[in-house]
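Structural characterization, general
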Amino acid sequence: MSASAYAADTSNIIGKISGVQSAAGYKVQVTDPKTGFKREVAVDASGNFRLSQLPIGAYVVEVVNAGKVVAKDEVRLSLGSNAVAQFEIAQASSDTEVIQVTGARIRAVDVTSTDSGLVLGEVEFDKMPIARNITAVSLLAPGVVLGDSKFGASGGAGFASFGGSSISENSCYINGLEVTNTRQGLGCGSVPFEFYKEFQVKTGGYSAMYGRTTGGVLNAVTKSGTNEWEFAFTANTQPSSLRSEGKKSYGTGVRLGQVFKDTTADEFSESDISFSASGALIEDKLFIYAIVNPRDKSSKWADTSGRLPYDADNRYRVNESSGGDNLFWGTKIDWDIADGHRLSVFAYSDRTDSEETRYAYNPNSGVIGAKQGDFLNERGGEAASLSYVGNITDDFTVNLMHGKIKTQYGTTPSVVDCPIVADGRGVPNPITGCGAGGSIGDDYDDNEQTRLDFEWALGDFHGNHLLKFGYDKQDRQSRKTTAPVGGHNYTYVTKQPGDIIQGNDGTLWTNTTGSPVDLVEDRIFIGGGSFGSDLTAWYIEDQYQPTEQLTLNIGVRQDHFVNTGATGIDFVDLKTDVAPRLGFSYDPTGAGESKIFGTWGRYYLPVPNNTNYRAASGVDDTTTHYYFTGFDPVTGAPTGATPVNGSVANSQVVNSTSSAMPSVALFQAQEADPFYKEEWVLGYETQFTEEYYGSIRGTYRFVGAALDDFCGPVANQHFCTLVNPGKPGSWYSDDDEDNIPDPGSLTTYSPEDMALPEAENEYVALQSQVGFRGEALRWDLIYTWSRSTGNFEGAVKSDINQADAGITQDFDFPALMDGADGYQANDRRHVFKFFGSYDVTEDLVVGLNSTLSSGRPLSMFGQGYPSQDAKLYGSYGDTFYLVTGCPDTNANGKCETAERQFRKVPRGTAGRTPWNFNVDLSARYNFEISGVEMGVSVNVFNILNIQESTSQNEHYEARRSAGTYNPWYGADYTWQTPRYVRLGLDGRF
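Details of the sheet that holds strand E2 (residues 26-32)
- The strand order across the open sheet built from four strands is E3-E2-E5-E6, with neighbouring strands paired in antiparallel fashion. Looking along the sheet, the strands with just one partner apiece sit at the ends: strand E3 (37-42) and strand E6 (68-77). The average undirected angle you get between the axes of adjacent strands in this sheet is 20 degrees.
- Bridging between E2 and strand E5 (residues 57-65) involves six bridges; their strand directions are antiparallel. Bridging from a neighbouring strand, valine 30 pairs with valine 61 of E5.

Description of the sheet that holds strand E9 (residues 116-121)
- On the basis of which strands lie adjacent, the open sheet formed by five strands has the order E9-E14-E15-E12-E13 and mixed pairing. Lying at the two open borders of the sheet, with one neighbouring strand each, are E9 and strand E13 (177-178).
- Bridging between strand E14 (residues 196-204) and strand E15 (residues 217-222) involves six bridges; their strand directions are antiparallel. Pairing of glutamate 198 across the sheet is with valine 221, part of E15.

Quick notes on the pattern of salt bridges
- For the coordinates displayed, the defined rule picks out 57 salt bridges.
- In this structure, arginine 778 engages aspartate 839 in a salt bridge whose closest nitrogen and oxygen atoms are separated by 2.9 Å. A residue pair is termed long-range when its members are at least 10 positions apart, and arginine 778 in strand E52 (residues 777-790) and aspartate 839 in strand E54 (residues 830-839) qualify at 61 residues.
- Because the salt bridges share partners, they merge into one network encompassing Arg212, Arg451, Asp453, Asp472, Arg557 and Asp559.

Describing helix H3 (residues 609-616)
- The buried count for H3 comes to seven of eight residues, which makes it a mostly enclosed element.
- Of all the positions in H3, only Asn609, Asn610, Thr611, Asn612, Tyr613, Ala615 and Ala616 are classed as buried.
- Contact partners of the buried residues in H3: strand E31 (465-484), strand E35 (517-544), strand E36 (550-564), strand E37 (570-575), strand E40 (619-627) and helix H4 (664-667).
- Taken from the residues just after H3, glycine 618 is the one with a positive phi, measuring 85 degrees.

Side note on the pairing of E40
- Burial of E40 is extensive: seven of the nine residues sit out of reach of the surface.
- Of the pairings in the sheet, the one linking E35 to E40 comprises eight bridges and is antiparallel in character. Within E40, the residue paired with isoleucine 526 across the bridge is aspartate 620.
- Looking at chain direction, E40 and strand E44 (residues 652-656) are connected through four bridges and run antiparallel. Paired with threonine 624 across the bridge in E44 is glutamine 652.
- Note: E40 against strand E43 (residues 642-643), two bridges, orientation antiparallel. Across the sheet, the residue bridging to tyrosine 626 is proline 643, located in E43.

Some thoughts on the environment of phenylalanine 375
- Tracing the chain through its elements places phenylalanine 375 in strand E25 (residues 367-391).
- On the basis of relative accessible area, phenylalanine 375 is assigned to the buried category, the value being 5%.
- Separated by 61 residues in the primary sequence, phenylalanine 375 and alanine 436 place their C-alpha atoms 9.0 Å from one another.

Details of the state of the cysteines
- This structure, assessed with the given rule, holds four disulfides.
- Put simply, cysteine 418 and cysteine 434 are joined by a disulfide, and their sulfur atoms are 1.9 Å apart. Sign of the S-S torsion, about -120 degrees for the bond between cysteine 418 and cysteine 434, identifies this disulfide as left-handed. Taken together, the residues span a long stretch of sequence, with cysteine 418 in the loop between strand E27 (411-413) and strand E28 (420-423) and cysteine 434 in the loop between E28 and strand E29 (439-440) at a distance of 16 residues.
- The class of cysteine 418 is buried, set by a relative accessible area of 9%.
- The side chain of cysteine 711 participates in a disulfide bridge whose partner is cysteine 720; the two sulfur atoms lie 2.0 Å from each other. An S-S torsion of about 105 degrees defines the bridge between cysteine 711 and cysteine 720 as right-handed. The pair formed by cysteine 711 and cysteine 720 is uniform in burial state, with each residue classed as buried.
- The disulfide pattern of the protein is 1-2, 3-4, 5-6, 7-8 when the bonded cysteines are numbered in sequence order.

Points about the environment of glutamine 767
- As for its position among the elements, glutamine 767 is in strand E51 (residues 761-773).
- A relative accessible area of 7% means that glutamine 767 is categorised as buried.
- Measuring from C-alpha to C-alpha, the distance between glutamine 767 and proline 606 comes to 29 Å, with 161 residues separating the pair along the chain.
- For glutamine 767, the residues in contact, after removing those within four places along its chain, are Pro142, Gly143, Ser695, Ile696, Arg697, Thr699, Tyr783 and Thr784.

Focus on the side chain of aspartate 709
- Relative to the elements of secondary structure, aspartate 709 occurs in strand E47 (residues 708-710).
- The charged side chain of aspartate 709 is buried without a salt bridge, its nearest counter-charge being arginine 614 at 7.4 Å.
- Other than its neighbours up to four places away in sequence, aspartate 709 contacts Cys720, Thr721, Leu722, Gly806, Ile807, Thr808, Asp810, Phe811 and Asp812.

Remarks on the nonpolar core
- Counting residues in each nonpolar core, the largest one holds 40 residues, and the members touching the most others are Val572, Phe667, Phe675, Leu707, Val723, Met754 and Phe792.
- When contributions to this core are tallied by element, the ones reaching two or more residues are E37, H3, H4 and strand E48 (721-723).
- The leading source of residues in this core is E37, at three residues.
- Leaving out residues up to four positions away in the same chain, phenylalanine 667 has contacts with Phe571, Val572, Thr611, Ala615, Pro662, Phe719, Cys720, Thr721 and Leu722.

Regarding unusual backbone geometry
- Although it is not a glycine, alanine 891 sits at a positive phi angle of roughly 55 degrees.
- Following the sequence through the fold, alanine 891 ends up in the loop between strand E56 (881-885) and strand E57 (901-904).
- For alanine 891, a relative accessible area of 65% translates into the label exposed.

What about a nonpolar patch on the surface?
- A cluster of nonpolar side chains, Phe584, Tyr586, Ile596, Leu682, Tyr684, Ile696 and Leu766, forms an exposed patch at the surface whose accessible area comes to about 590 Å².
- Elements that contribute at least two residues to the nonpolar patch include exactly strand E38 (579-586) and strand E45 (675-687).
- The exposure class assigned to phenylalanine 584 is partly exposed, which follows from its relative accessible area of 31%.

Considerations on the side chain of histidine 625
- With respect to the element layout, histidine 625 can be found in strand E40.
- When near neighbours in sequence (up to four residues on either side) are disregarded, histidine 625 contacts Ile501, Leu508, Val520, Glu521, Thr642, Pro643, Val644, Ser651, Val653 and Arg960.

Some points on the confidence of the model for the protein
- Within the protein, residue pLDDT values average 91, and 96% of them lie at 70 or more.
- A low-confidence stretch, residues 1-9 stays under pLDDT 50, and its non-local contacts, those more than four residues away or across chains, total 51 contacts.

Concerning the environment of glycine 744
- With respect to the secondary-structure elements, glycine 744 resides in the loop between strand E49 (729-731) and strand E50 (747-749).
- For the pair glycine 744 and tyrosine 732, spaced twelve residues apart in the sequence, the C-alpha separation amounts to 8.1 Å.

A short note on a negative patch on the surface
- Residues Asp735, Asp736, Glu737 and Asp738 make up a contiguous surface patch of negative charge.
- For aspartate 738, the location among the structural elements is in the loop between E49 and E50.

Here's the deal with the packing of aromatic side chains
- Following the criterion strictly, the structure yields 48 aromatic pairs and no others.
- When the ring of phenylalanine 260 is compared with that of tryptophan 968, the centres are 5.2 Å apart and the planes differ by 25 degrees; the resulting orientation is stacked. Residue phenylalanine 260 is located in strand E18 (residues 259-262), and its partner tryptophan 968 is located in the loop between strand E60 (949-952) and strand E61 (972-975); the two are separated by 708 residues in the primary sequence. The residues phenylalanine 260 and tryptophan 968 share a single accessibility class, namely buried.

Thresholds applied
Residues numbered from 1 in each chain as written. Predicted model: local features only at pLDDT ≥ 70, side-chain atom pairs only at ≥ 80, totals over all residues. Heavy atoms only, no water. Pairing = 2+ DSSP bridges. Helix = DSSP H or I, 4+ residues; strand = E, 2+ residues; numbered from the N terminus. Axes fitted to C-alpha atoms, helices over the stretch in contact; angles between N-to-C directions. Salt bridge = Lys/Arg side-chain N within 4 Å of Asp/Glu carboxyl O. Buried < 20%, exposed > 50% of the residue type's maximum accessible area, 1.4 Å probe, protein only. Contact = heavy atoms within 4.5 Å. Disulfide = S-S within 2.5 Å. Lys, Arg positive; Asp, Glu negative; His and termini not counted. Core = buried A, V, L, I, M, F, W, Y, C linked by side-chain atoms within 4.5 Å. Patch = residues over 30% accessible without salt bridge, like charges linked within 9 Å, V, L, I, M, F, W, Y side chains within 5 Å. Areas by Shrake-Rupley, 256 points an atom, 1.4 Å probe, with all protein chains shown as cover. pLDDT = per-residue confidence, 0-100. Charge placed at Lys NZ, Arg CZ, Asp CG, Glu CD. Phe/Tyr/Trp six-rings, centres within 6.5 Å; stacked < 30°, edge-to-face > 60°.

This is the structure we're talking about:
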């Protein structure tokens, strides 16, 4: 199913009348019987017509001549699609009036569209077992796979990877309002499923109207009111009692038999009820849809207070939200001011305040221990938009939208005097703290948006041009301040003989004792402020149809990204090249039953506000290394702490200071290009019969320019430097630390000066799909073969669970990229999807949704590097080198740093996770009680309760301890979600 349109609830009906000598005087009128909405256009001299930017829904299409209806039919218009209707009109003779009314021949294949994806309406998703989140909807599309679940909250939905892109490179829209997470790109705002009317998932080849995404686009519209008042309620519950038990993973070596991850004690339950009312405040003119949705949610799960690769589960979290603290409300108001002119208001609040309590937990015994502290979690926010669609003439349409979104991420702890403590030494009794960890500070985003989109048909539609152009602006503002609870963040580590602590300018400390040494590091990450980004874009696109069988889409787009720090100074200013968006669709038979199509596009990704926070919000990030003699048995803080080099200043690594605030000249290489991908798609789609259809397409994507922070010795040492890895770059210095570029300090650095490899990321896929649409049975079978390779994943880094979008450890130092080229964490070579529904009777429907996917590649991360050259190896980061031994070549009885031997283990060469197979089933029964239409449903997810591993611990060496085996290496992090059940009841009258 194909689609192409701006992210709003508008689509097009196009077509042709034939069988008449002259089309002069003929008109085509469309009417929505539910709202009284009407549009009328004249037919051109060749019999062609077009009605643009229509709200989705069911329409009556009538051909009118001399005031009489001479042909008509009904057309279903889906989101972002072109419904093509062709009328064959019979005449008694060549010179008489039309005397026979005939219906339209609706084309099964939209031969005018060139993009890739699917459209799913409420009728379809109500009949299939789909989890109530937009990730589950997007996973139905070809080329979309589930990203690592380590990024999602326990029991959460996770995020999707589109076409080999990382999970933070997608964008989401509801009623034309972009609701993407602007801080990291992870996730989107959402509304209850009862509010949605239709989804559109774009996987590639999308129009120049879309930007700021190198992954996919999730586009949704909500329900609107009609002339008929309707009241509805729904009730859903996912009881924890109907959820199967999870699994455990175990360590090896000194941790043999001990539990690493434990999901057997996890409990997740949800219940919600919604009430909606919709109707006409003024018949045929003013409509409203309103919904309220109180939600109860309880989550209980085990996790670690330490660092994921190195610490086992040691705490138990209980999160509860209900009633007024978790109440969604939303509304959509549509005003048909006049024929062809609609004003709409869309607003909602999904703010959730939840209370969380954390307890000590022993995963080996399953005993929940003492309470550690309470937290107040503030999530969600408010959104509102005002939009106008106006058909100024039959040929010119205007679409305007202005909206605002506020999102909060606050977590406020009750215990603020206990430091954060983690012990990565692999000792039998690890040191623990007295509190639940966390940080203190503000955390929220504001996003103000404006869009102006225009559509202008120049001359006749066939053989001429449909011009689309517009302007898009977003002002993304954020505020985040942070300080560790208790003022400290302690991590205990073991350094083997010959092991080092690497500083910013080379080796900071070396273990020359000949024996293992225990140290403690104290990382203080404190500061922050207000910061933002200003994103603007213009585009123009021509849909040119030189013949009835060939459609050409010729578009370009240019974006401008400006990021501002806490002092109001711009530190990133990037204008993209004029990006091509080209496509074609050719109907080889002219019957509208098949098409050959292809696209070529360039897509840019803005610098996320997370980069502003890390680089330009005034954060102090220092790590000090100490010897210690003991620890406080209550707080876990070290006692007898002594800096390893005698003084704090000489034992400290400084990654950023609050006094250093970057500007464009200091932070951004002058030659830097924004992050972008290019994509090529070639495909064929056909309707075999009235019921069977199929398609095949090939996709090739690659990164044309990566943009990342480089932190080597020639970079700015206060906040690193934004560069295109593997490309030359020029920037100023600030040796006197006054935040002003030093005169005459502009220097050009070659790739050899930076010692960085060129960024590489490539995705190749072949997708095939066969579908069936019968009166009672509907199904789709999709197979995707794909390969995702390169030396970096994208905006985030799944294999080490790093969500610092845009500034992961990739390319920070050359050593981190040595061995990085290989299969990516989102490389799922084979993916099969089969889903559909069957109407057993008029009232009973059963549905199925299943996926079979091959496992993802695994790596073996180390903590050291063969060279201590500061140009190559920095103060942090996971490498692809493992210490294999330290022969005493100089016979002094000690392991010297230069004597250590290393083994290189390139990315993705340590095996793969198992294949994942999942089957979901559903059943729905409709009935009526006292004139109220009712329905009861049951959805069973993962009915076979297969819980294969979805990710594993890939850190072979213990944290900051080169040569020390991590006993949790290879242990499963996450598994497939256990079997669970959702029960539903709904009614409308």
